[in-house]
Structures are given as C-alpha cells and as structure tokens.
Amino acid sequence: NPYSTFFYYEMIMLFPDSIPWALDHIEAIEGRSMDVIAWHANSRAKVNYAEAETYYLEALSLNPSYTPILKAYADATYATGDCEKAVGVFEDLLEVAPPYWKWKDDFETRTPMQQKSYRIFYKNVPDFKWVFGRLRKCYTKLENEEKAFYYSQYEEPFKGLNIQY
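Residues numbered from 1 in each chain as written. Predicted model: local features only at pLDDT ≥ 70, side-chain atom pairs only at ≥ 80, totals over all residues. Heavy atoms only, no water.

Enquirer: Looking at this structure, how should I read the nonpolar core?
Expert: The nonpolar side chains of soluble globular proteins are, as a tendency, buried together. The biggest cluster of nonpolar side chains holds 41 residues, and the ones touching the most others in it are Y56, L94, F128, F132 and L135. Broken down by element, the residue count for this core peaks at seven residues, all from helix α6 (residues 83-96). Ignoring sequence-local partners within four residues, the contact set of F128 consists of L94, A97, W101, F121 and Y122. Among the nonpolar cores identified, the runner-up in size contains eight residues, and Y8, I12, I26 and V36 belong to it. (Core = buried A, V, L, I, M, F, W, Y, C linked by side-chain atoms within 4.5 Å. Buried < 20%, exposed > 50% of the residue type's maximum accessible area, 1.4 Å probe, protein only. Helix = DSSP H or I, 4+ residues; strand = E, 2+ residues; numbered from the N terminus. Contact = heavy atoms within 4.5 Å.)

Enquirer: Could you clarify how one ought to interpret unusual backbone geometry in this entry?
Expert: Trans peptide bonds make up the majority, and among non-glycine residues the majority have a negative phi. Phi is positive for E143, which is not a glycine, with a value near 60°. Inspection of the secondary structure assignment puts E143 in the loop between α8 (129-141) and α9 (145-152).

Enquirer: Would you mind showing me how to read a nonpolar patch on the surface here?
Expert: Side chains of M13, L14 and F15 sit close together on the surface and give an oily, nonpolar patch of about 350 Å² of accessible area. Summarising the element assignment, F15 is placed in the loop between α1 (5-14) and α2 (19-30). The class of F15 is partly exposed, set by a relative accessible area of 48%. (Patch = residues over 30% accessible without salt bridge, like charges linked within 9 Å, V, L, I, M, F, W, Y side chains within 5 Å. Areas by Shrake-Rupley, 256 points an atom, 1.4 Å probe, with all protein chains shown as cover. Salt bridge = Lys/Arg side-chain N within 4 Å of Asp/Glu carboxyl O.)

Enquirer: Mind showing me how you'd approach the packing of helix α5 (residues 67-80) against α6 here?
Expert: Each packed pair of helices is defined by two parameters, the angle between the axes and the distance between the axes. Running from N to C, α5 and α6 cross one another at 160°; their axes reach a closest spacing of 8 Å. As judged from the angle between their axes, α5 and α6 are roughly antiparallel. α6 is crossed by α5, and the crossing has left-handed handedness. Contacts from T67, L70, K71, Y73, A74, D75, T77 and Y78 in α5 reach K85, A86, V89, F90, D92, L93 and V96 in α6. A per-class count over the contact of α5 with α6 returns nine nonpolar, two polar and four charged. (Axes fitted to C-alpha atoms, helices over the stretch in contact; angles between N-to-C directions. Parallel < 35°, antiparallel > 145°, perpendicular 65-115°, else oblique. Left-handed = near helix turned anticlockwise from the far one by under 90°. Nonpolar A, V, L, I, M, F, W, Y, C, P; charged D, E, K, R; others polar.)

What follows is the structure, encoded as structure tokens:
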C-alpha cells in the first residue's frame, strides 16, 4: 500500500541512508506530524546541530511537554559541548518527566503502586539516569559543584533500594 507509513518507517530503521527519501513520503501521507519533525531533527543532530535545533524547537512549539523530543534535544545540545544550554533543556525535561526520580530518597515510604511505577519507569527507560550524569558533568564544567553534587545523587536510581524485577 503506497499510503502506508509503516513501510517507510521500516526503511528508515533498516536503511538509515533512506531517511531523506522516506521522510518525504511519510510527510506526504502524515503531513508535518511530530514523528516527521522528530525524525528530521534527530537525523540532522550529529551533522548540522543548528538545523536540527530548528526542528526540535518546531516540535516543542507543538507540544512543549513531549519528553522524547526534549530528551533528544537535550542530548544533541549536550553533544555540542554547550553546557549552559544543555542544562536548561535537561532541566526542562525534568520538569515534565514523571517525578519518580525524586522518590529515590523516600522510596520505602511510597505506596506499593508508586513503588511499582518507579520500577516500571526505570525498567522501561533505563537511560533516563544519563540525564543526571550529563547534568552533573555540565554543572561541574560550569563550576557549580552544589548542583553537580545534587544531580549526582540521582545517577543510580536503584542504589541501596534492593529493587527486584
């Protein structure tokens, strides 16, 4: 079916060189969807950050709370070495992400359902802890040891919690 985006998304996943071609076809079918904008941004992030940033900002103007875009934008910004900007985007991400990371210190006082939510979140998004490592590194580079220490405490969410899967 020429009107199915599934085929084109499969092409992107299997053959990354097909991204520009596939995105043209996907956009013809879906229009300027969040997925299309995100693929444009992510495909350019390592090659042309400035161009990628325009796509990230376009996507965030449509949905400022969309955590996958915020995370990708933060990671791309971090990769440029611009810690001041990266810190802002990572902290924006933490504002809209589920607050489970804040529960580390009082995990045992949480309800069983909250504890389960915490476990599921970190099981499904294991790289979320990287946000804290990157914030720690940026704040260290920016010579803000207080903030660096604060975020370093959240790099390992399960440390000492004896979480079983």
